[in-house]
Each structure stands twice: as structure tokens, then as C-alpha cells.
Amino acid sequence: MNDENFADYGLIDFNIKGDERGSLVAFEENHNVPFDIKRVYYIFDTKLGVKRGNHAHTTLKQVLICTSGSCKILVENDSGRKEFYLDKPDEGLYIGGLVWREMYDFSPDCVLLVLASEYYDEGEYIRDYDKFLKKISK
Ligand code: T46
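Residues numbered from 1 in each chain as written. Predicted model: local features only at pLDDT ≥ 70, side-chain atom pairs only at ≥ 80, totals over all residues. Heavy atoms only, no water.

Some remarks on the site of the ligand
- Every one of the 14 residues lining the ligand counts as a neighbour, but Arg-39, Arg-52, His-57, Gln-62 and Tyr-125 are closest to it.
- The contact in question runs from an oxygen atom of the ligand to an N or O atom on the side chain of His-55, over 3.3 Å.
- Here the ligand, which alone exposes 650 Å², has 68% of that area covered by the protein.
- In this structure the site holding the ligand corresponds to the largest pocket. (Near = heavy atom within 4 Å. Polar contact = N/O pair within 3.5 Å; in protein donor to acceptor, adjacent residues only side chain to side chain. Areas by Shrake-Rupley, 256 points an atom, 1.4 Å probe, with all protein chains shown as cover. 1 Å grid on protein atoms, 1.4 Å probe; cavity = no way out; pocket = protein on both sides within 12 Å on 5 of 7 lines; lining within 4 Å. Sits in = over half its atoms within 2 Å of the grid points.)

As C-alpha cells, this is what we get:
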């Protein structure tokens, strides 16, 4: 984890267990993933030019791993905006709660795997950008 803003977001390098047969990456809650993992989902087959995300969460923590292909993730918190390019199956982007996120420039073969600290709860999403800005300015 090597980002100055890791309290809110940051990159995690996962160890690859490789041998002559190929490669393997393991995710373990509270070891190389900094929370209890309650949910796993993945995003794939994203159509050309689509932008996903456009929201923040109040408390949810997540790690996003591009297991195939590539995509870009823009994050924003009270320190400003930062763009990440994910294209490695052994690299994850940790994103904490009050962080606006937008995902775009998905390659056709992109599979974005997400490990999440909570069960799905639409009530926990902040989808209104102005509300998000108000919350982080408090
Ligand atoms: C996030 C980014 C990285 C479920 O039923 N269960 C789930 O666990 C999720 C994540 C979504 N859904 C449903 C809700 C919508 O009907 O799947 C549909 C697409 O969800 P959404 O529009 O929220 O997807 P994205 O790609 O904009 O955002 C997702 C996550 O929702 C979000 O937490 O941080 O990926």
C-alpha cells in the first residue's frame, strides 16, 4: 500500500504465487485485504465509451482488481482528484467510504473484480455529486 492518501484510497501490490504452470493470486481478509470481505462481484463486458460508478459510499470499503484487460478509475476526496490506470491482476486499488469514484476506458476484455466490506445496500450510496461535495466539506 503506497499512496499518501491511503486513509481514503491507495494501491495494494499482491504477491503472485508463480511456478512453471502459471500464476496465482490469493486474497485474504485482514491480511492482504484490509477489511472483512462480505461480498465479491465483478464487472465485465462493459460497452465502449461507458462510464460506471459516479457515486461515493458512506462507509463501504472496497478493493478493485483488474484481473483481465484494463480500465481507468478516477477518485476524489477532500484532497482533490486522482486517476489510476489498472491493468495488472496483482495490483488492487483500495477505496474507502467517502470517496467519489468513476470508472471508464474499459478495454473490451476488462474484468474488474471487486472485494467489498459490506453486503449490497443501495441506501448506502451517495449518487448526488453536490451532496457528496457538501459531505466532504464538513
Ligand atoms: C462501486 C463500483 C466500483 C447488485 O445487485 N449487487 C451488487 O453487489 C452490486 C455492486 C450491484 N448490484 C446491482 C445494482 C444495479 O442494478 O447491479 C446493478 C449495477 O450496479 P451499479 O450501477 O451500482 O454498478 P457500478 O459499476 O456503477 O458500481 C459498482 C458498485 O455498485 C459500486 O459500489 O464502487 O462498482
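Further notes follow.
Overview of the pairing of strand β7 (residues 91-95)
- By the criterion of burial, β7 is predominantly enclosed, with five of the five residues buried.
- Of the pairings in the sheet, the one linking strand β4 (residues 62-68) to β7 comprises four bridges and is antiparallel in character. For Val-63, the partnering residue across the bridge sits in β7 and is Tyr-94. (Buried < 20%, exposed > 50% of the residue type's maximum accessible area, 1.4 Å probe, protein only. Helix = DSSP H or I, 4+ residues; strand = E, 2+ residues; numbered from the N terminus. Pairing = 2+ DSSP bridges.)

Notes on a positive patch on the surface
- Among the surface-exposed residues, Lys-131, Lys-134, Lys-135 and Lys-138 lie close enough to one another that they form a single positively charged patch.
- Along the chain, the position of Lys-131 falls in helix α1 (residues 129-137). (Patch = residues over 30% accessible without salt bridge, like charges linked within 9 Å, V, L, I, M, F, W, Y side chains within 5 Å. Salt bridge = Lys/Arg side-chain N within 4 Å of Asp/Glu carboxyl O. Lys, Arg positive; Asp, Glu negative; His and termini not counted. Charge placed at Lys NZ, Arg CZ, Asp CG, Glu CD.)

Thoughts on the environment of Arg-127
- Summarising the element assignment, Arg-127 is placed in the loop between β10 (125-126) and α1.
- In this structure the C-alpha to C-alpha distance between Arg-127 and Gly-53, which are 74 residues apart in sequence, comes to 8.8 Å.
- Among residues more than four places away in sequence, those in contact with Arg-127 are Gly-53, Asn-54, His-55, Trp-100 and Glu-122.
- Polar side-chain contacts of Arg-127 include one of 2.8 Å to the side chain of Glu-122. (Contact = heavy atoms within 4.5 Å.)

What about the layout of surface pockets?
- Of the pockets and cavities examined, the largest pocket occupies roughly 240 Å³.
- In terms of lining residues, the largest pocket is bounded by 15 residues, among which Tyr-41, Ile-43, His-55, Met-103 and Tyr-125 are the most central.
- Breaking the lining of the largest pocket down by element, the ones donating at least two residues are β2 (39-44), β3 (52-57), β4, β8 (100-104) and β9 (111-116).
- Counting residues per element, the lining of the largest pocket draws most heavily on β3, which supplies four residues.
- A breakdown of the residues in the lining of the largest pocket according to their chemical character gives seven nonpolar, four polar and four charged. (Points joined across faces, edges and corners; volume = space filled by probe spheres on them. Nonpolar A, V, L, I, M, F, W, Y, C, P; charged D, E, K, R; others polar.)

Some points on the packing of aromatic side chains
- The final tally for this structure, using the stated rule, is eight aromatic pairs.
- Aromatic pair Trp-100 and Tyr-129: ring centres 5.0 Å apart, planes at 70°, arrangement edge-to-face. Remark: Tyr-129 occurs in helix α1 and Trp-100 occurs in strand β8; sequence separation between them is 29 residues.
- Look at Trp-100 and you get buried, because its relative accessible area is 4%.
- Summarising the aromatic geometry, the rings of Trp-100 and Phe-132 are spaced 5.4 Å apart at their centres and angled 40° between planes, so their arrangement reads as tilted. (Phe/Tyr/Trp six-rings, centres within 6.5 Å; stacked < 30°, edge-to-face > 60°.)

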